[in-house]
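Residue-level structure breakdown
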Amino acid sequence: MPAVNKQSPIPVSVNGQATVKTGSLLSLATDAKNLTDTKVKLILYGQNRVGKSTVACQFPKPLVFLSFEPNKTGGAASITKIPGVKVLLVKYKKERDDPPYTIYGTAAAKKVALELKEDNYFQSVVIDSATSYQDLYLQEILKVDQLPEQMSFGGVSGDQYRERSEKIKEGLRPFLALNKHVIITAKEKDHNPP
């Protein structure tokens, strides 16, 4: 039987340094330093109070933090010491003690996405959280001031849940299309908060 010898392409040499073979697919590779800055689209998922918002606010500044959380601070208490972060609360309807940086309803959130599309100031956008954003859609569909805790079945129809699902996808799309870093947090429902 004849001997079989492994053959390799002969590397091209530049200044005594071996390089990949000219014309190969590997020859198309470029140095990482030549890459242009790309915008990150990221989702952070986890339990309540594990640091999703704090991690999200580490992206390039200036950063706008859109909080859909229903509590008074919009869940933004953990980010108060991070410089370069602007907070905008998004709620279902106006309450007497709402801060001036509060907007109302999903239509206002969509308007923010349109403004951010034309904006050259903010480098990063945080949506906190997709879970509460979809709850806002469900409030609008059901026309209720507050969603009851889900402890039983039957309060919301399957069609209403499907409508909420479609609306949240439509609501997030304009944010994900932005030429900015977009970080979306999502959480497990906490039925037993501290």
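Residues numbered from 1 in each chain as written. Predicted model: local features only at pLDDT ≥ 70, side-chain atom pairs only at ≥ 80, totals over all residues. Heavy atoms only, no water.

1. Quick notes on the nonpolar core
Soluble globular proteins tend to bury their nonpolar side chains together. Formed by 25 residues in total, the largest nonpolar core has its most connected members in L66, F68, L116, V125, I127, Y133 and F175. Secondary structure elements with two or more residues in this core: β4 (63-67), β5 (85-91), α2 (105-118), β7 (124-128), α3 (130-142), α4 (158-176) and β8 (181-187). Looking at which element gives the most residues to this core, the answer is α2, with five residues. Those residues in contact with F68 that sit more than four places away from it in its chain are V90, A109, I127, D128, S129, S132, Y133 and L136. In this structure, F59, F65, I79 and V126 belong to the second largest nonpolar core, which totals twelve residues. (Core = buried A, V, L, I, M, F, W, Y, C linked by side-chain atoms within 4.5 Å. Buried < 20%, exposed > 50% of the residue type's maximum accessible area, 1.4 Å probe, protein only. Helix = DSSP H or I, 4+ residues; strand = E, 2+ residues; numbered from the N terminus. Contact = heavy atoms within 4.5 Å.)

2. Remarks on the pattern of salt bridges
Evaluation of the coordinates by the stated rule reveals six salt bridges. Of the charged contacts, one joins D98 and K91 as a salt bridge, the two residues approaching to 3.2 Å between their closest N and O atoms. Taken as a pair, D98 and K91 share a single burial class, namely buried. (Salt bridge = Lys/Arg side-chain N within 4 Å of Asp/Glu carboxyl O.)

3. Examining the packing of aromatic side chains
In the structure shown here, the tally under the stated rule is three aromatic pairs. Ring plane angle 80 degrees and centroid distance 4.9 Å describe the contact between Y121 and F122, whose orientation is recorded as edge-to-face. Classification of F122 as buried rests on a relative accessible area of 17%. Here the aromatic cluster, defined as three or more aromatic residues joined through ring pairs, consists of F68, Y133 and Y137. (Phe/Tyr/Trp six-rings, centres within 6.5 Å; stacked < 30°, edge-to-face > 60°.)

4. A few points about the environment of K117
With respect to the helices, strands and loops of the structure, K117 is situated in helix α2. Note on K117: relative accessible area 62%, which makes it exposed. Put simply, K117 and K180 are 63 residues apart on the chain and 8.8 Å apart in space, counted from C-alpha to C-alpha.

5. Structural notes on the packing of α3 against α4
Their axes nearest at 9 Å, the elements α3 and α4 cross at an angle of 125 degrees. One element, α3, and the other, α4, form an angle in the oblique class. Crossing handedness for the pair α3 and α4: right-handed. Between α3 and α4, the contacting residues are A130, Y133, Q134, D135, Y137, L138, I141 and L142 on the first element and Q160, Y161, E163, R164, K167, I168, G171, L172 and F175 on the second. (Axes fitted to C-alpha atoms, helices over the stretch in contact; angles between N-to-C directions. Parallel < 35°, antiparallel > 145°, perpendicular 65-115°, else oblique. Left-handed = near helix turned anticlockwise from the far one by under 90°.)

6. Quick notes on the environment of K52
Turning to its location among the elements, K52 is positioned in helix α1 (residues 52-56). Residues K52 and S129, 77 residues apart in the sequence, show an inter-C-alpha distance of 9.5 Å. Residues within four places of K52 in sequence aside, it is in contact with L44, Y45, G46, Q47, T185, A186 and K187. At 3.4 Å, the side chain of K52 forms a polar contact with the backbone oxygen of G46. (Polar contact = N/O pair within 3.5 Å; in protein donor to acceptor, adjacent residues only side chain to side chain.)

7. Describing the side chain of D119
Looking at where D119 falls in the secondary structure, it is placed in the loop between α2 and β7. From its side chain, D119 meets the backbone nitrogen of F122 in a polar contact 2.8 Å long.

8. Concerning the environment of R164
Along the chain, R164 turns up in helix α4. Note on R164: relative accessible area 15%, which makes it buried. For the pair formed by R164 and L136, sequence separation is 28 residues and the distance between their alpha carbons is 9.1 Å.

9. Notes on the pairing of β7
Summarising burial for β7: five of the five residues are buried, a large majority. Alternating residues of β7 divide into S124, V126 and D128 and V125 and I127, and every residue in both groups is buried. In this sheet, β7 lies alongside β4 in parallel orientation, the contact comprising five bridges. Bridging from a neighbouring strand, L63 pairs with S124 of β7. Sheet analysis places β7 next to β8, joined by five bridges and oriented parallel. In the strand pairing of β8, V125 is matched with V182. (Pairing = 2+ DSSP bridges.)

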